[in-house]
Structures are given as structure tokens and as C-alpha cells.
Amino acid sequence: MKRTFAGALLLAAMWHTSPVLGDPIDKAELMKLVTDQTWHVNWAACMGGSDGCRTYWDFKGDGTFCPRMIGAKPKDKCADDGKWRIDGGNLCWELTWLGGGEGYKKVCVSINKAGDNAYVATRVGGLGLKFFDLSLVK
């Protein structure tokens, strides 16, 4: 009985705190969103972050990208080297070391449009909860 009640509370809390993700973007729009773009990323969960977990990532048309550390500025040095690819309608990437302990070293995400220049990423195969928000740096 206690397990069922605790599980129901967890599901209710997840439902209550889950954002409306908006419409999924198609493969062509995803390609435009990634290729030769700089993302302003705001991670959904950050331990000890007073102003969220914001950073900037540059995605290049050759399939490489520059992830920066949390708190970095748009032109700061890359923290790691990464490779990205589109798999079906999802964005997948792999880094050499960054994100290993936090669970984003090697991952695929689906991207949903949440507004004008506002997007939400969720992990493919995850619980459907927001992984991070992003917008394009213009």
C-alpha cells in the first residue's frame, strides 16, 4: 500500500511539474536548428545553481560541436570536443569527457518547439521530462 501511494505521489508530482512541451519539430527543422548555430542552453536540473544552469554550445555543419561549461559566455573556450548527428528525428551527440557524471556525455534528445525561439529537449527513451530548454543566439 505504501509503495503504491508513494508511486502515485511521484507520478502526480512529475505530471504537475512537467511543462507543456509543444509540437515536436521535424527532421528538416532540426537540421536548421543545429547546423552552424549557437544554442543558449538552460539545464532543467542543477545542483547549487543560483541562476539556473546556463551555457552556450556551438554546433558546426561538419558534425562537430563546442560545448562550454555552465556559466560560460558565448565566446568562451570550448570545454570539450563533441560530435553530433541526426538519428531519425532526434539529435544525438557524444563528448570525450564532459557530462559523464551528469548523464549527457552520450545522449539523444527530441526537440519540441515551445514558443518563438524557444525549444525544450527531452531524452530519447527517458521519462518524458524536460532535460533542458534552449534558444538560438542571434
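Please refer to the structure higher up on the page.
Small disclaimer: the values here were computed from a predicted structure and weren't measured. (Residues numbered from 1 in each chain as written. Predicted model: local features only at pLDDT ≥ 70, side-chain atom pairs only at ≥ 80, totals over all residues. Heavy atoms only, no water.)

S.K.: How would you explain unusual backbone geometry if you had to name every residue and give the values?
M.R.: The phi dihedral of Asp36 falls on the positive side, at around 55°, and the residue is not glycine. Its place among the elements puts Asp36 in the loop between α2 (27–34) and β2 (37–43). The class of Asp36 is exposed, set by a relative accessible area of 55%. Phi at Asn117 takes a positive value of approximately 55°, unusual for a residue other than glycine. (Helix = DSSP H or I, 4+ residues; strand = E, 2+ residues; numbered from the N terminus. Buried < 20%, exposed > 50% of the residue type's maximum accessible area, 1.4 Å probe, protein only.)

S.K.: I'd like a description of the side chain of Asp58, backed by residues and values.
M.R.: By the element assignment, Asp58 lies in strand β3 (residues 53–59). Within the local environment of Asp58, its side chain forms a polar contact with the side chain of Arg68, the two groups lying 2.7 Å apart. For Asp58, the residues in contact, after removing those within four places along its chain, are Gln37, Thr38, Thr64, Phe65, Cys66, Arg68 and Pro74. (Polar contact = N/O pair within 3.5 Å; in protein donor to acceptor, adjacent residues only side chain to side chain. Contact = heavy atoms within 4.5 Å.)

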